[in-house]
Amino acid sequence: MDNGFTVNGHFEGKDPIVKKIYQHLSKHARLFGKVKEDPKKTSIHLNNVTAFAGIATRKNAIILTIKSDQEFDSPRIHKSEQTSARRFHHEVKLTAPSDVDAELLGWLKKAYSLSA
């Protein structure tokens, strides 16, 4: 179903670094397997069978929300929310492609597996 929202629309009026971060993140997420981009009004969901990550674009950064079945103990997490007994959503602010590092990709890979 086409809701009228596009991936590219999320980058209009944003610093070019935001799209570079997204492209880097998306490229690495595809190493886990098939990833479907699902643009919404306020974010882009990355889906396996269900969403495993959400990307909200800001002027100079991305706010990445990662699905998890556990709490993360990291200073990189600036907000965590327990959404059910065994589900958490963790937010990480990404300001450069280099923020997509081994630790972050480990979290994303687990999220990808949860959404199978």
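Basis of the calculations
- Residues numbered from 1 in each chain as written.
- Predicted model: local features only at pLDDT ≥ 70, side-chain atom pairs only at ≥ 80, totals over all residues.
- Heavy atoms only, no water.
- Helix = DSSP H or I, 4+ residues; strand = E, 2+ residues; numbered from the N terminus.
- Rg over C-alpha atoms; globule rule 2.2 N^0.38 Å.
- Salt bridge = Lys/Arg side-chain N within 4 Å of Asp/Glu carboxyl O.
- Buried < 20%, exposed > 50% of the residue type's maximum accessible area, 1.4 Å probe, protein only.
- Phe/Tyr/Trp six-rings, centres within 6.5 Å; stacked < 30°, edge-to-face > 60°.
- Core = buried A, V, L, I, M, F, W, Y, C linked by side-chain atoms within 4.5 Å.
- Contact = heavy atoms within 4.5 Å.

Help me out: how do you make sense of the overall build of the chain in this one?
Counting its secondary structure elements, the chain contains two helices and six strands. Overall, the chain shows an N-to-C arrangement of helices and strands of α-β-β-β-β-β-β-α. Its C-alpha atoms give the chain a radius of gyration of 13 Å, within 12% of the compact-globule value 13 Å for 116 residues. Once the C-alpha set of the chain is aligned to its principal axes, its extents read approximately 35 × 35 × 25 Å.

Honestly, the pattern of salt bridges in this entry has me stumped. Any pointers?
Two side chains that carry opposite charge are able to pair once their charged atoms sit near each other. Evaluation of the coordinates by the stated rule reveals four salt bridges. Between Glu 37 and Arg 30 there is a salt bridge whose closest N-O contact spans 3.7 Å. Given the relative accessible area of 29%, Glu 37 is considered partly exposed. Take Arg 30: its relative accessible area is 36%, and that puts it in the partly exposed class. Measuring nitrogen to oxygen at the nearest pair gives 3.1 Å for the salt bridge that ties Lys 40 to Asp 38. By relative accessible area, which is 30% here, Lys 40 ends up partly exposed. Asp 38 sits in the buried class, given a relative accessible area of 17%. A single salt-bridge network, built from bridges that share partners, covers Arg 76, Asp 101 and Glu 103.

How should the packing of aromatic side chains be read in this particular structure?
To describe a pair of aromatic rings, you give the distance between the ring centres and the angle between the ring planes. Using the criterion set out here, one finds four aromatic pairs in the structure. Ring centres of Phe 11 and Tyr 22 lie 5.3 Å apart, and the angle between their planes is 55°; on these two criteria the pair is classed as tilted. With Phe 11 in the segment before helix H1 (16-29) and Tyr 22 in helix H1, this pair connects stretches of sequence that are eleven residues apart. Neither residue differs from the other here; Phe 11 and Tyr 22 are each classed as buried. Seen in terms of ring centroids, Phe 72 and Trp 107 are 4.7 Å apart; in terms of plane orientation they differ by 15°. Their pairing is stacked.

Where do I start with the nonpolar core in this structure?
Among the nonpolar cores identified, the biggest contains 27 residues, and Phe 52, Leu 64, Leu 94 and Leu 104 are the most heavily contacted of them. Elements that contribute at least two residues to this core include exactly H1, strand E2 (44-47), strand E3 (51-57), strand E4 (62-68), strand E6 (87-94) and helix H2 (102-114). When residues of this core are assigned to their parent elements, the largest contribution, six residues, is made by H2. Dropping the residues within four chain positions of it, Leu 64 is found in contact with Leu 25, Ala 53, Gly 54, Ile 55, His 90, Glu 91, Val 92, Leu 94 and Leu 104.

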